[in-house]
Amino acid sequence: MSEQKSQAPKCLFPLNIKNDFIFNPSSRDFIVTEIPLYEFSGDGEHLVLYVRKKELTTWEMIEAIAKFLDIKQAEIGYAGLKDKHAMTMQYISLPAKYAEKMMDFKHENIKILNSQKHNNKLRVGHLKGNHFKVRLKKVLGIQKDKLDSTLKWIKANGIPNYFGVQRFGNSGNNWQEGRDIIEGKLKIRNRKNSEFLIGAYQSYLFNGWLSKRVELSILLDKFSEQEVEQILNLETDTLKNVKKQKNFFKILEGDLMMHYPHGRVFSVEDELGESERFSTKDIAPTGLIAGERVSLATHKAKIFEEPFNLSTKQSGSRRYAWIWVEEIKREYIEEKAQYELSFFLPKGCYATNVIDVLRG
């Protein structure tokens, strides 16, 4: 396995546009609102709390509530993990018998906005997605025009679905410990911590594969198929007719696609035909979360995926490689040189990907 030097490529946008702005994630400039997968029943043995927090991870918030109630953290359910350096609103659940005691809960960085009963404990993935609001600073007039142009491109083409930098720890290299666990060089007794680190390595490999596929798309945007085959040392005709696809992200024979935003996995046989469905947002390509019991790419797509596969007892899966940014709204405040942006992303997707593409 040839290791990648970073989790994401430095060039994510095919146009020669570089946007200079300041974005410092904080509770003032970064707001995240969780959108539930379904309406809560209003009755049942569980209490769903709508919680606002800041400067805390979801785990730190759960730990504080569990300590107050004197219960195990496992009794508290959640649908997704939210950023620490942000103002975030999300749902958690706990046994309804603690409802009265929670009325006395107070924390300087946690506020219970409302509550209602429900018949099920919240589980990871029980959310539709997240709505984000970000404030970009030091955006001058010409930068505002560049941001407008890039957002237009994002709306039409979508963005790569990288795992965000927060997935890799404060130092950005916890994936190395995950690799060492898999290779037998490191043993960690805590099973939960071990699985988390292995998951970071799986995410790292996914990002490495996606970087290669984005690089391929960028090269095809600039060069002929024959030239790209020479640049990437591919066999002749590997990329024949791939450049004809109108999507920026090019799909290959043997890619595994899924209906979007959820659905079954199937293999690409007709590249041009499936690319048309991709352009209508009916389907999207997936990348490998390496592990056991997972479908693998074949044919041309296998060439790019195989170097990022690994042998591990962890379960593997497929993750959308390309997503669409929805509900985009923006406002430019000229006197403050600030660009306020809001958008929606499906569950498991990171706002930092949008910021990275905006930077160019």
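Residues numbered from 1 in each chain as written. Predicted model: local features only at pLDDT ≥ 70, side-chain atom pairs only at ≥ 80, totals over all residues. Heavy atoms only, no water.

(A) The arrangement of the overall build of the protein chain in detail. A tally of helices and strands in the protein chain yields nine helices and 14 strands. At 22 Å, the protein chain has a C-alpha radius of gyration in line with the 21 Å of a compact globule built from 360 residues. Dimensions of the protein chain along its principal axes, counting C-alpha atoms only, are 70 × 55 × 40 Å. Looking at the protein chain as a whole, 51% of its 360 residues qualify as buried. For the protein chain, the accessible area works out to roughly 18,700 Å², and carbon and sulfur atoms hold 48% of it. (Helix = DSSP H or I, 4+ residues; strand = E, 2+ residues; numbered from the N terminus. Rg over C-alpha atoms; globule rule 2.2 N^0.38 Å. Buried < 20%, exposed > 50% of the residue type's maximum accessible area, 1.4 Å probe, protein only. Areas by Shrake-Rupley, 256 points an atom, 1.4 Å probe, with all protein chains shown as cover.)

(B) Fine view of the side chain of glutamine 143. Note on placement: glutamine 143 falls in helix 3 (residues 141-157). Under the relative-accessibility criterion, glutamine 143 is labelled buried at 11%. The contacts of glutamine 143, once residues within four sequence positions are left out, are Lys18, Asn19 and Asp20. (Contact = heavy atoms within 4.5 Å.)

(C) Fine view of the packing of helix 3 against helix 9 (residues 351-359). Running from N to C, helix 3 and helix 9 cross one another at 125°; their axes reach a closest spacing of 9 Å. Judged on the interaxial angle alone, helix 9 and helix 3 are oblique. As for the relative orientation of helix 3 and helix 9, their crossing is right-handed in sense. Contacts from Leu147, Thr150, Leu151, Trp153 and Ile154 in helix 3 reach Val354, Val357 and Leu358 in helix 9. Residues that form the contact of helix 3 with helix 9 fall into these classes: seven nonpolar, one polar and no charged. (Axes fitted to C-alpha atoms, helices over the stretch in contact; angles between N-to-C directions. Parallel < 35°, antiparallel > 145°, perpendicular 65-115°, else oblique. Left-handed = near helix turned anticlockwise from the far one by under 90°. Nonpolar A, V, L, I, M, F, W, Y, C, P; charged D, E, K, R; others polar.)

Keep in mind that these numbers describe shape and distance, not what the molecule does.
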